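# Examination of the molecular architecture
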Amino acid sequence: MSKLQDLEPYRHLASLFDSQKFMRHLGVEITHLADGHCELTLGFDESWSEANGSFSNGIVGSLAENVACAAAATLTQPGEQFLTVEYKMNLLGSSKGDRLLAVGDIIKSGKSLKIVRSNVYAINGSDRVHCACAIVTLAAT
Amino acid sequence: MTDFAPKNPDYDAVVRDSFSRQAFMAFIGADLSRLSPGICDISVPHQAGLTQQHGFFHGGLVSALADSAAGYAAFSIFPENSTVLTIDFKVNFLNPSEGDRLVARAKVIGMEGKICHLSGDVFAVKEGIETHCLTGIFTMMCLEGRSDNANLGREKVAS
């Protein structure tokens, strides 16, 4: 898996992700970046398991929100900062898997607002289950 | 994920019959312009009575169109002798809905048990160019064994 440092031309975002201690604490990795697009991956760990062995829904939500922030950051101009003001997530199925993949795509990139659609998939070997979808609204601060 | 096998072989007739009984959709002049299992489009031509103060289509109408498209996209994969109800929806308005026509496009993302999740988008069409006006997530419930008729078939209503 590639690290952000390898993902040119988004090197300037490295400090932003470094400052997100919660994502670092979980061990979330940025696995793909493009303009208006981001993918994050998180491996399973017992410590955030639900009773049935799936990822906690709170973790699924955190990834859905964070991948949206990162996708928005790829289209943010120097000096601009966007923060999440709301998101809505639907849980579609089980998040049982050996890792989660969160994918964020910008739907609208405005000066005041950025609207991002996030999807989260549970990966189990070669199986991929769509476990959540969300729409995230970010506003310029 | 757009391949959903219809559980009801008569889904097309059932959905179109239900749509024809939605008085609000008839009132605004809406047309069910596309239907396949898990997918539904509804369009409405512009008229002054559907606009807000800036002359754009009213936001409530734009949401209602998306809700109706999502409802029928869900209903198209429901079994016989069932009906559909909206549980919740969340929408984001992306651009002013300015055009000759609005088209709402909804598709099923997934269904588990009675709960169906959908995405819906609305586009304003002006001189053939589409502007993305709304995007949203919709949750529908399948009420199996309940009639799709007025009052869920519980009582007769005067037509």
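You'll find the structure just up there.
None of the values given here were measured: they were computed from a predicted structure.

## Re the overall build of chain B
Within chain B one finds three helices and six strands. The secondary structure elements of chain B, listed N-terminal to C-terminal, are α-α-β-β-α-β-β-β-β. The C-alpha atoms of chain B give 15 Å as radius of gyration, which agrees with the globular expectation for 159 residues (15 Å, within 12%). Expressed as lengths along the three principal axes of its C-alpha atoms, the size of chain B is roughly 45 × 40 × 25 Å. Relative to its full complement of 159 residues, chain B shows a buried share of 40%. Expressed as a percentage of contacts within chain B between residues at least 6 apart in sequence, the contacts between residues at least 24 apart total 68%.

## Some thoughts on the interface of chain B and chain A
Between chain B and chain A, the residue contacts involve eleven residues of the former and twelve residues of the latter. Elements represented by at least two residues in the side of chain B that touches chain A include exactly β3 (82-93), β4 (101-112) and β6 (129-144) of chain B. Class assignment for the residues of the side of chain B that touches chain A results in four nonpolar, five polar and two charged.

## Side note on the environment of B:Ser63
Residue and element names in this part refer to chain B. Looking at the element boundaries, Ser63 is found in helix α3 (residues 59-75). In sequence terms Ser63 and Val91 are 28 residues apart; their C-alpha atoms lie 7.3 Å from each other. Residues within four places of Ser63 in sequence aside, it is in contact with Val91 and Leu134.

## Looking at the nonpolar core
Soluble, globular proteins show a tendency: their nonpolar side chains are buried together. In this structure, A:Leu63, A:Val67, B:Leu65, B:Ala66, B:Ala69, B:Ala74 and B:Leu118 are the most contacted members of the largest nonpolar core, which totals 85 residues. In terms of residue count, the dominant contributor to this core is helix α3 (residues 57-73) of chain A (eleven residues). Beyond its immediate stretch of four places on either side in the chain, B:Ala69 contacts B:Cys40, B:Asp41, B:Ile42, B:Ala104, B:Arg105, B:Ala106 and B:Gly120.

## Quick notes on the sheet that holds strand β1 (residues 29-34) of chain A
Residue and element names in this part refer to chain A. The strand order across the open sheet formed by six strands is β1-β2-β4-β5-β6-β3, and the pairing between neighbours is antiparallel. The sheet terminates laterally at β1 and β3 (82-91), the two strands that pair on one side only. When strand polarity is set aside, the average angle formed by the axes of neighbouring strands in this sheet is 20 degrees. Sheet topology places strand β4 (residues 99-109) next to strand β5 (residues 113-124); ten bridges connect them, and they run antiparallel.

Conventions we followed
- Residues numbered from 1 in each chain as written.
- Chains lettered and ligands numbered in written order.
- Predicted model: local features only at pLDDT ≥ 70, side-chain atom pairs only at ≥ 80, totals over all residues.
- Helix = DSSP H or I, 4+ residues; strand = E, 2+ residues; numbered from the N terminus.
- Rg over C-alpha atoms; globule rule 2.2 N^0.38 Å.
- Buried ≥ 20, exposed ≤ 12 C-beta atoms within 10 Å, placed from the backbone.
- Contact = placed C-beta atoms within 7 Å.
- Nonpolar A, V, L, I, M, F, W, Y, C, P; charged D, E, K, R; others polar.
- Core = buried A, V, L, I, M, F, W, Y, C linked by C-beta atoms within 7 Å.
- Pairing = 2+ DSSP bridges.
- Axes fitted to C-alpha atoms, helices over the stretch in contact; angles between N-to-C directions.

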